Amino acid sequence: MKEILISIILGMLPECLFYTYFWIMLKQLKNKRILLFILICIIYFSLIMIKRYEVLYYFLFGILMYLILKILYKEKTNFLDIFVFYASCTYIFFISCFCISIISNYQIAYIVNRILLLFPFIFYKQIISIYKKYMCTWNKETNISKYLRSITIRVGTIMLLSSFIIISSQVCLYISNMKGG
């Protein structure tokens, strides 16, 4: 019971806070923040318990996250937010892999990982600017001269998402084999 409580408080809760603050910062949300956090915690805890170390977890989490945002913030939610969400998942995934592979002591790696969760929020103005440019560039109907740039962004986004899926599936298989299936 003690391990489960520690896992929730030090493991799952900081990541739920990361995702919540990520959306609050990116979308500049002013209302329903606590409800957003509670819903993110519910889907995160549920999926982690059901689909741990599987790529399907990332798919379900992205879809459910989009649905939560769509229900709570209809006018501010766009289909492209799924890709943006996977960018945040990719960040968490890579800092976790980085910490585990570079730092041999698990407790220190875990602390460094949790500190690195806060790192993107230092550059929140730049992240918001990149997000706005991404949204504008994706939509090729806004300007004919942006058509080529729009296609490049779309192809690049799909390639990065595919790369993330392939890499995460390999790591999930490796973890699954380490744990004994």
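Novice: What should I look at first to understand the overall build of the protein in this one?
Specialist: A count of helical and extended segments in the protein gives seven helices and zero strands. Here the protein holds 181 residues, and the buried ones make up 36% of them. Nonlocal contacts in the protein, meaning residues at least 24 apart in sequence, comprise 65% of its contacts between residues at least 6 apart. Taken as a whole, the protein presents about 11,300 Å² of accessible surface, with 72% of it coming from carbon and sulfur.

Novice: Can you walk me through the packing of aromatic side chains in this structure?
Specialist: Think of a pair of aromatic rings as described by two things: how far the centres are apart, and how the planes are tilted against each other in angle. Counted by the stated rule, this structure contains 15 aromatic pairs. Consider the rings of F119 and F123, whose centres lie 5.3 Å apart with planes at 75 degrees: the pair is edge-to-face. We classify F119 as partly exposed; its relative accessible area is 41%.

Novice: How should helix 2 (residues 33–50) be read in this particular structure?
Specialist: Because each turn of an α-helix spans 3.6 residues, side chains separated by three or four positions end up pointing in the same direction. Here helix 2 is 18 residues long and its end C-alpha atoms lie 26 Å apart, about the 26 Å a rise of 1.5 Å per residue gives. Along helix 2, the residues classified as buried are L36, I40, C41, I43, Y44, L47 and I48.

Novice: Whenever I open this one, the side chain of E15 confuses me. Can you help?
Specialist: Mapped onto the elements of the fold, E15 is located in helix 1 (residues 2–27). For E15, a relative accessible area of 11% puts it in the buried group. Here Y44 takes part through its side chain, which lies 2.3 Å from a polar atom of the side chain of E15. Look past the residues within four positions of E15 in its chain and what remains in contact with it is Y44, I92, R114 and L117.

Novice: Just to check I follow, could you spell out the layout of surface pockets for this structure?
Specialist: Think of a ball as big as a water molecule: rolled over the atoms, this probe shows where empty space is left. Space inside the second largest pocket adds up to approximately 640 Å³. As for the second largest pocket, its lining consists of 24 residues, and the residues nearest its centre are F83, V84, Y86, A87 and S88. Breaking the lining of the second largest pocket down by element, the ones donating at least two residues are helix 1, helix 4 (81–102), helix 6 (124–138) and helix 7 (147–178).

Novice: For this particular structure, what's the right way to read the side chain of R114?
Specialist: Along the chain, the position of R114 falls in helix 5 (residues 106–118). A distance of 3.1 Å separates the side chain of R114 from the side chain of N113, its partner in a polar contact. The residues contacting R114, other than those within four sequence positions of it, are L10, G11, P14 and E15.

Novice: Could you clarify how one ought to interpret the confidence of the model for the protein in this entry?
Specialist: Predicted coordinates in regions of low pLDDT should not be interpreted in detail. Looking at the protein, the pLDDT average stands at 78 and 79% of residues meet or exceed 70. Across the protein, the element-wise mean pLDDT spans from 64 in helix 7 up to 88 in helix 2.

Novice: Could you clarify how one ought to interpret the pattern of salt bridges in this entry?
Specialist: Pairing between side chains of opposite charge can happen when their charged atoms approach one another. Considering all chains together, one arrives at two salt bridges under this definition. Two residues, E15 and R114, come together in a salt bridge whose shortest N-O distance is 3.4 Å. One end of the pair, E15, is in helix 1; the other, R114, is in helix 5, and 99 residues separate them in sequence. Each member of the pair, E15 as well as R114, carries the same accessibility label: buried. Between D81 and K27 there is a salt bridge whose closest N-O contact spans 2.6 Å. Highlighted residues: D81 in helix 4 and K27 in helix 1, separated in sequence by 54 residues. Here the two residues D81 and K27 agree in accessibility, since each one is buried.

Cut-off values and rules
- Residues numbered from 1 in each chain as written.
- Predicted model: local features only at pLDDT ≥ 70, side-chain atom pairs only at ≥ 80, totals over all residues.
- Heavy atoms only, no water.
- Helix = DSSP H or I, 4+ residues; strand = E, 2+ residues; numbered from the N terminus.
- Buried < 20%, exposed > 50% of the residue type's maximum accessible area, 1.4 Å probe, protein only.
- Contact = heavy atoms within 4.5 Å.
- Areas by Shrake-Rupley, 256 points an atom, 1.4 Å probe, with all protein chains shown as cover.
- Phe/Tyr/Trp six-rings, centres within 6.5 Å; stacked < 30°, edge-to-face > 60°.
- Expected span 1.5 Å × (residues − 1).
- Polar contact = N/O pair within 3.5 Å; in protein donor to acceptor, adjacent residues only side chain to side chain.
- 1 Å grid on protein atoms, 1.4 Å probe; cavity = no way out; pocket = protein on both sides within 12 Å on 5 of 7 lines; lining within 4 Å.
- Points joined across faces, edges and corners; volume = space filled by probe spheres on them.
- pLDDT = per-residue confidence, 0-100.
- Salt bridge = Lys/Arg side-chain N within 4 Å of Asp/Glu carboxyl O.

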